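# Notes for the structure review
Chain by chain, the residues run as shown.
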Amino acid sequence: MTLMNTFHTRALTGVAALALLSACSEPAPGNTAEPEQASETSTETQNMNLIARAQSITPPAAEQRPVTIEQLGRSRTDEYAWLRDDNWQEVMRDPSVLNPDIRAHLEAENAYYEAVMAPTEALQERIFQEIRGRILEDDSSVPDRDGNFEYYSRFREGGQYPIYARRPLDPETGEAGEEQILLDGDAEADGIEYLDFGNIDHSPDHRWLAYGVDTRGSEYYEIRIRDLESGEDVATLTDESTGNFTWANDSATLFWVWRDANGRSKQVWRQDRSESEGTMIFDEADDGFFVNVGRTEGDSYIAISTSGHTTSEVHLIDADNPEAEALLVAARETDVEYSLTETGSGFFILTNLDGAVDFQIMRAPLDAPQRENWETVVAHRPGTLITGLMGFRDWMVRVERENALPRIVIRNLNTGEEHNIAFEEEAYSLGIDAGYEFATDEMRFSYESPATPEETYDYNMATRERVLRKRQEIPSGHDPDDYVVRRIMAPAHDGEMIPVTILHHRDTPIDGSAPLMLYGYGSYGITIPAAFRVTPLSLVDRGMVYAIAHIRGGQARGYEWYLDGKLGLKMNTFRDFVSAGEALASEGFTSRGNIVAYGGSAGGLLVGAAINLQPDLFAGAIAAVPFVDVINTMSDPTLPLTPPEWPEWGNPIEDAEAYDTIAEYSPYDNIAAIDYPHVLATAGLTDPRVTYWEPAKWAARLRATRVDDGLTLMRTNMGAGHGGASGRFDSLRETAENWAFALMTVGLADAEAEAE
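Residues numbered from 1 in each chain as written. Predicted model: local features only at pLDDT ≥ 70, side-chain atom pairs only at ≥ 80, totals over all residues. Heavy atoms only, no water.

## A word on the packing of helix α6 (residues 121-133) against helix α16 (residues 728-745)
Heads up, the condition is: Interaxial angles span 0 to 180 degrees and are taken between N-to-C directions of axes, which are lines fitted to C-alpha atoms, for helices over the stretch in contact. Put simply, DSSP marks the helices as runs of H or I at least four residues long and the strands as runs of E at least two long, and each gets a number from the N terminus on. An angle counts as roughly parallel when it lies under 35 degrees, as roughly antiparallel when it exceeds 145, as roughly perpendicular when it falls between 65 and 115, and as oblique in every other case. Left-handed describes a crossing whose near helix is turned anticlockwise from the far helix by less than a right angle; the clockwise case is right-handed. Residues are treated as being in contact if the distance between any of their heavy atoms lies within 4.5 Å. Classes in brief: Ala, Val, Leu, Ile, Met, Phe, Trp, Tyr, Cys and Pro nonpolar; Asp, Glu, Lys and Arg charged; the others, Gly included, polar.
Viewed as axis vectors pointing N to C, α6 and α16 meet at an angle of 130°, and their least axial separation amounts to 8 Å. The angle between the axes of α6 and α16 places the two elements in the oblique class. In the packing of α6 onto α16, the handedness of the crossing is right-handed. Each of Leu-123, Gln-124, Glu-125, Ile-127, Phe-128, Ile-131 and Arg-132 in α6 lies in contact with α16, whose residues at this interface are Phe-729, Leu-732, Arg-733, Thr-735, Ala-736, Glu-737, Trp-739, Ala-740 and Leu-743. Here the contact of α6 with α16 is built from residues that sort into 10 nonpolar, two polar and four charged.

This is the structure in structure tokens:
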């Protein structure tokens, strides 16, 4: 029901990439770990310090083939450019066509990784079983009512993928009937290595199911149509979609988004579910914009949203007349963002128009939503960031954030009265869900904190009564009182104060002796919530402190917090992360040299830049699918995310100042002949967001340049993309491997290995 105004980034997806010379390096003789090394389990080996043992294994050495690149009067040399396959677009669709020499190098890296990590296999298994034990295997969502059905998803015990189902409701009593399985993820995944679903949505008449499916990890989705009476798929509309689509009100017409050969969402197509060909109705000419399609809350319109990182534009089509001409709401204007939320009182527009940095809410008639009809309803309040809206017939709900804490505000559209739903913990996360119903007084929200599992409530906006519908169950047991959640403000290099969320076991001494994992992201305005996660508990229960640095580049302290961490101010992001680590050490949560940095995608860039800035602050660093080859990637307009992300990073092809700024922090370009912490980088071969060669090149140069004997490990998932393994338990195994590496770097893995 809720219309989302979204764009793609180098953010991990639940979940999220790939040129110069195509040649290859043969690993030097003896550089590839032999299988017997990887499976070595003698008592003598187990009782060795794990790091010392790992340092005795010879890593692969990628051949250096220097390429000099001249750009804007500047020169740089890339000795590992050959790791990018010229055929990368085809590799995305068919990984078997990868250049054999590049494949040989990636496989040599994987063999070395397996050899180093072999003594931790039992530890990995324990961590995996611990995390799995915290997950209710037959979990299910709280059902959402839509007319005479309720829709939900669930897992079967041992199942890797969700089941989507519904039950009929008695119109008199509301009692639910027998379950009907609409889509069985485990059955769909049978015989394939990777599976990810895009949109999944039933038609308004409840007869048809449309769903997107990606079987390669490349984020090219088929859109399939299933007849819910027969249970059979009756059509495949395309295999080139982004997975994003929506139904018109006639239950026959779909609007779907096409992805081009460079991985960009470019066009919207209209297609009857029974026809083999559709009609292209919207074509985005700007490579810097992404396209999204959805229905407004009251199902009045199909909304085509096209946006860059800081600029947006919306076109509306009558959902009852899918062949109608699209209505432009407001023409794009650089750095002006807006999105629409339908209510019974018209459209509410969330926008930063007229300098409303932290956004304001305006209103326009449903039948005349153009810009000239917008009127202010909730004025801009500096420091209070409005992050989202949700609409009903009689209500408008907004989520706003102040001082890094969220709150939910309910507005009665008939009286104009507002009230808040707020909570008292030091750090927590809130979520809202509109469901399918529009003419209702009930909305759904969720609450959680790093120590408190998620609680889902139905909330009556008229009576203000809340009903607990679900509390996240931890089958292996969980007592929130065993954990301490803290929020500190860390001083930055320029006097700003950085919020840091901390989780530790109540028995962990806070005297500087504990190791700590420091997580961060810090790009695209994405704010990492202080949410409950089952995975860090395996670190915390072993005596590590877990901390999240809410650094600039995100929006924890408002939109200015984002603006102060992008483009020419990007160094603030990395310095904030270092400052957070230093503050945690000075306040006794850990000590210098006892921190493991962790981040993924653009968070991997954060990790790479931080260890270049202050390598002695960290014992280890985990960079998951890291965006580390920034200057080369942002200088290549053929890559999926490059033109759309120039507003985030700058355009080093045309702008010398942007070039110099990026060159100052790009992790690949700032590797120096110094001591570094132990490093683990990961990649996905079919990743369209951060191409596999970025971490591969970074690991190769880091290993060749560092002057210490620290570890540089590289693990490539040869059958997945940006989000790693797709099954819910397979992905946990990758997490268990990361955690085993983290524990190894701070010495906590040794005792467990010796006890085996």
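## Observations concerning the packing of helix α5 (residues 100-117) against α16
For the pair α5 and α16, interaxial distance at closest approach is 11 Å and the crossing angle is 60°. Classified by the interaxial angle, the pair formed by α5 and α16 is oblique. Between α5 and α16 lies a crossing whose hand is left-handed. Only Glu-737, Ala-740, Phe-741 and Met-744 of α16 make contact with α5, whose side of the interface consists of Tyr-113, Val-116 and Met-117. A per-class count over the contact of α5 with α16 returns six nonpolar, no polar and one charged.

## Thoughts on the packing of aromatic side chains
Rules: Each Phe, Tyr or Trp ring (for Trp, its six-membered ring) is paired with any other whose centre lies within 6.5 Å, and the angle between the two planes then decides the class: stacked below 30 degrees, edge-to-face above 60, tilted in between. The classification of residues rests on relative accessible area computed with a 1.4 Å probe and restricted to protein chains. Under 20% of the type maximum is buried, over 50% is exposed, and intermediate values are partly exposed. Whether a charge sits over a ring comes down to the Lys NZ or Arg CZ being within 6 Å of the ring centre and within 35 degrees of the ring normal.
For the structure shown, the criterion picks out 23 aromatic pairs. Each ring, one from Phe-423 and one from Tyr-428, has its centre 5.9 Å from the other, and the planes form 65°; the classification is edge-to-face. Given a relative accessible area of 16%, Phe-423 falls into the buried group. Residue classification places Tyr-428 among the buried residues on the basis of a relative accessible area of 5%. Of the aromatic side chains, those joined through ring pairs into one cluster are Phe-423, Tyr-428, Phe-445, Tyr-447, Tyr-457 and Tyr-459. The ring of Phe-149 carries the charged tip of Arg-166 above its face, separated from the ring centre by 4.1 Å. The ring centre of Trp-561 lies 5.1 Å from the NZ or CZ of Arg-557, which sits over that ring.

## Focus: α16
The following threshold applies: By this rule, a helix spans an expected 1.5 Å times one less than how many residues it contains.
With 18 residues, α16 extends 26 Å between its outermost C-alpha atoms, agreeing within 8% with the 26 Å of an ideal straight helix rising 1.5 Å per residue. Of all 18 residues that make up α16, 15 are buried, and the element is covered over most of its length. Positive backbone phi, approximately 85°, marks Gly-747, located one or two places after α16.

## Brief notes about the nonpolar core
To keep things clear, this is the line we draw: Put simply, buried Ala, Val, Leu, Ile, Met, Phe, Trp, Tyr and Cys residues joined by side-chain atoms within 4.5 Å make one nonpolar core.
Core analysis: the biggest nonpolar cluster contains 124 residues, and Val-116, Met-517, Phe-577, Leu-584, Trp-698 and Met-744 have the highest contact counts within it. The element best represented in this core is α16, accounting for nine residues. Discounting chain neighbours no more than four positions away, the residues touching Val-116 are Arg-53, Ala-54, Ile-57, Leu-711, Leu-713 and Met-744. By size, the runner-up hydrophobic cluster in this structure holds 18 residues, among which are Met-390, Phe-392, Ile-408 and Ile-421.

## So, the environment of Arg-103
Considering the arrangement of structural elements, one finds Arg-103 in helix α5. Residues Arg-103 and Met-718, spaced 615 residues apart in sequence, show a C-alpha to C-alpha distance of 9.1 Å. When near neighbours in sequence (up to four residues on either side) are disregarded, Arg-103 contacts Pro-95, Ser-96, Leu-98, Leu-685 and Met-718.

## A word on the confidence of the model for the protein
Low pLDDT marks stretches whose predicted atomic positions should not be read closely. Going by this rule: The pLDDT value expresses, per residue, how confident the predictor is, ranging between 0 and 100.
Scored by pLDDT, the protein comes out at a mean of 91, with 92% of its residues at no less than 70. Every residue in residues 1-8 is under pLDDT 50, and counting partners more than four places away or in other chains gives 40 contacts. When the criterion is pLDDT under 50, residues 10-47 qualifies, and its contacts beyond four places in sequence or with other chains add up to 118 contacts.

## Brief notes about the pattern of salt bridges
Pairing between side chains becomes possible if they bear opposite charge and their charged atoms approach one another. Our working definition: Counted as salt bridges are all cases of a side-chain nitrogen of Lys or Arg within 4 Å of a carboxyl oxygen of Asp or Glu.
Evaluated as defined, the whole model comprises 48 salt bridges. In this structure, Glu-179 and Arg-154 form a salt bridge, with 2.8 Å as the shortest nitrogen-oxygen distance. Remark: Arg-154 occurs in strand β4 (residues 149-154) and Glu-179 occurs in the loop between β5 (163-168) and β6 (180-184); sequence separation between them is 25 residues. Judged by its relative accessible area of 33%, Glu-179 is partly exposed. One continuous salt-bridge network, built from bridges that share partners, spans Arg-381, Arg-398, Glu-400, Glu-402, Arg-407, Arg-411 and Glu-418.

## A word on the environment of Ala-189
Note that Ala-189 resides in helix α7 (residues 185-189). Exposure remark for Ala-189: the relative accessible area of 10% places this residue in the buried category. The spacing of Ala-189 and Leu-680 is 491 residues in sequence and 29 Å in space, taken between C-alpha atoms. Contacts of Ala-189, omitting those with residues within four sequence positions, involve Tyr-161 and Leu-195.

## Comments concerning a negative patch on the surface
Heads up, the condition is: Think of a patch as exposed residues, more than 30% relative accessible area, with no salt bridge, where like charges cluster within 9 Å and nonpolar side chains (Val, Leu, Ile, Met, Phe, Trp, Tyr) cluster within 5 Å. Here the Shrake-Rupley method, with its probe set to 1.4 Å, supplies the accessible areas, and only the displayed protein chains count as covering residues. When charges are counted, Lys and Arg contribute as positive and Asp and Glu as negative, whereas His and the chain ends are disregarded. By convention, charge coordinates are those of NZ in Lys, CZ in Arg, CG in Asp, or CD in Glu.
Residues Asp-479, Asp-481, Asp-482 and Asp-507 make up a contiguous surface patch of negative charge. Note on placement: Asp-482 falls in the loop between β29 (466-471) and β30 (483-491).

## Considering the sheet that holds β29
This is how the line gets drawn: Strands are labelled as partners when DSSP assigns at least two bridges between them.
With antiparallel pairing, four strands are arranged side by side in an open sheet as β26-β27-β28-β29. Edge positions in the open sheet fall to β26 (429-433) and β29, since each of these has one partner strand only. Averaged over all neighbouring strand pairs, the angle between strand axes comes to 25°, with direction disregarded. Where strand β27 (residues 442-448) meets strand β28 (residues 455-460), six bridges bridge the pair, whose relative direction is antiparallel. Across the sheet, residue Ser-446 finds its bridge partner in β28, namely Thr-456.

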